[in-house]
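Examining the three-dimensional arrangement
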Amino acid sequence: MIATTVQIASGAALLWIYVGYGLALRALAATFGKALRVDPSYEPSVSIVVPSFEERAVIARKIEECLALEYPADKIEILVVDSASRDGTAAIVRLYEARGVRLLPEAARRGKAHALASGFAAAAGTIVLATDATATLPRDAVRKIVARFADPSVGAVTTALQNPLPEDRAHDLGLARMCRLFWERDAALKKHEAKLHSAVGLVGEAAAVRRGLVSGEDARAWIVAGGADDTALALHVVARGYRIAFADDVVALKPAASDVGDYVAQKTRNVAQNLRHLAALPRPILRRGWYTALIFPTRRLLSPFSPWLLVLFLASADAVSLALQLAFYGLAALRTVPLLRRLPGVEPAAFFVCSNAAAAAAWLATLRGRDFTVWTKIASTRC
């Protein structure tokens, strides 16, 4: 009886996370969603903050990209925060000072969240756009993003993220395809979440926020607390009564991990950073309508438990359920044989298992007190 109850409960929770939530969200957004005001003519001043560490290979391209953005030059400033790089990143940035680019050097590397907080403090624009040095933005990104801020209820805007398929054979093409599907699903969910209340979080590659929300010491303390700058900003914005809009017409591009090992390492770090922030959840967020009742509980509270729900579902399985689950995990294991990777279902099953294994590793790292404020960059993604 107990095993049956556990199996039903864990199975229902997993079904909700991966299927039910998306369906319910779409229906609720269509019924109760509220469209935001979008004004393409709205032109507030904008500060672009680019955190950098050891970005010699890409920083010049990133600065040129920012300088070429389609937005009035007198209403935009570019700030590059260099976290004590030793590869000459700062020297390259200084070459652009004559074109209005400001270098904000840090004496020591303290992590991306610290770098962003320093950039926010120095920013003068009404809107602050944070973007990674490795991310690529379309030329009209700023205009499309700030158009959402014409609605006074919007405190932050997040963009879609996508991983372009790699052209060289050194990258795992199957993994890259799965990452693309992951971000497509994430974008679909955020589109409906934003219509209902707020997108669950921001993407660190390109997201904007009202400067007034990130200029104070309380905001700085919260952002740097766990190192997960995108999660921290989202919670901070919603806790102060604002909504997070989703700019589905702006897609930031960033390389996918080149192999499964890199993907698992990156996923583990991201989940661990999120867990650390959740441990200090701001109380005001508990009174934010659909965000509190549905979006946040599913995406940030229930979803991280997915690996343990899978364990419970397996441990409590009857004979039929056990056979089906073992068959699924066996299908995922076939990915270790290169010639079998193209079999139907192998790549999705393996991606699902790897993602949950990374989440489980994140839990263990968090319980052991591991700090991800500063981390070793993954070579294939530079993050």
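See the structure above.
Residues numbered from 1 in each chain as written. Predicted model: local features only at pLDDT ≥ 70, side-chain atom pairs only at ≥ 80, totals over all residues. Heavy atoms only, no water.

1. Things to note about the sheet that holds strand 6 (residues 206–210)
Read from one edge to the other, the open sheet built from 7 strands follows the order 3-2-1-4-6-5-7, with strand pairing classed as mixed. In this open sheet, the two edge strands, each paired with only one partner strand, are strand 3 (101–105) and strand 7 (243–253). Going across the sheet, the axis of each strand differs from the next one's by a mean of 20 degrees, ignoring polarity. Two strands pair when backbone bridges link them, and strand 2 (residues 76–82) and strand 3 are joined in this way by 5 bridges, in the parallel orientation. The partner of aspartate 82 across the bridge, within strand 3, is proline 105. Relative to the sheet, helix 6 (residues 173–196) contacts strand 5 (154–162) and strand 7, its axis offset from that of strand 7 by approximately 150 degrees. (Pairing = 2+ DSSP bridges. Helix = DSSP H or I, 4+ residues; strand = E, 2+ residues; numbered from the N terminus. Axes fitted to C-alpha atoms, helices over the stretch in contact; angles between N-to-C directions. Contact = heavy atoms within 4.5 Å.)

2. Considerations on the pattern of salt bridges
As enumerated under the stated definition, the model contains 21 salt bridges in all. Here lysine 254 makes a salt bridge to aspartate 132, at a shortest N to O gap of 2.8 Å. One end of the pair, lysine 254, is in the loop between strand 7 and helix 9 (260–278); the other, aspartate 132, is in the loop between strand 4 (127–131) and helix 5 (141–146), and 122 residues separate them in sequence. On the basis of relative accessibility, which here comes to 4%, the residue lysine 254 falls in the buried class. (Salt bridge = Lys/Arg side-chain N within 4 Å of Asp/Glu carboxyl O. Buried < 20%, exposed > 50% of the residue type's maximum accessible area, 1.4 Å probe, protein only.)

3. Some points on the environment of serine 83
With respect to the helices and strands, the residue serine 83 is situated in the loop between strand 2 and helix 3 (89–94). Take serine 83: its relative accessible area is 4%, and that puts it in the buried class. When the C-alpha positions of serine 83 and leucine 301 are compared, they lie 32 Å apart, and in sequence the two are 218 residues distant. Those residues in contact with serine 83 that sit more than four places away from it in its chain are Ser52, Phe53, Glu106, Arg109 and Ala115.

4. Here we look at empty space enclosed by the protein
Going through the model one piece at a time under the given rule, you end up with 2 cavities of 30 Å³ or more. Approximately 70 Å³ is the volume attributed to the largest cavity. Around the largest cavity sit 13 residues that line it, and Ala130, Leu202, Val203, Ala207 and Leu233 are the ones nearest its centre. Contributing elements (two or more residues each) for the lining of the largest cavity: helix 4 (112–122), strand 4, strand 6 and helix 8 (229–239). Across the lining of the largest cavity, the residue classes break down as 10 nonpolar, 1 polar and 2 charged. Considered as a void within the structure, the second largest cavity measures approximately 60 Å³ in volume. Lining the second largest cavity, in full, are Leu175, Met178, Val260, Tyr263, Arg335, Glu347, Ala350, Phe351 and Cys354. Within the residue set of the lining of the second largest cavity, elements represented by two or more residues are helix 6, helix 9 and helix 13 (346–367). Sort the elements by how many residues they give to the lining of the second largest cavity and helix 13 lands first, with 4 residues. The residue inventory of the lining of the second largest cavity, partitioned by class, reads 7 nonpolar, no polar and 2 charged. (1 Å grid on protein atoms, 1.4 Å probe; cavity = no way out; pocket = protein on both sides within 12 Å on 5 of 7 lines; lining within 4 Å. Points joined across faces, edges and corners; volume = space filled by probe spheres on them. Nonpolar A, V, L, I, M, F, W, Y, C, P; charged D, E, K, R; others polar.)

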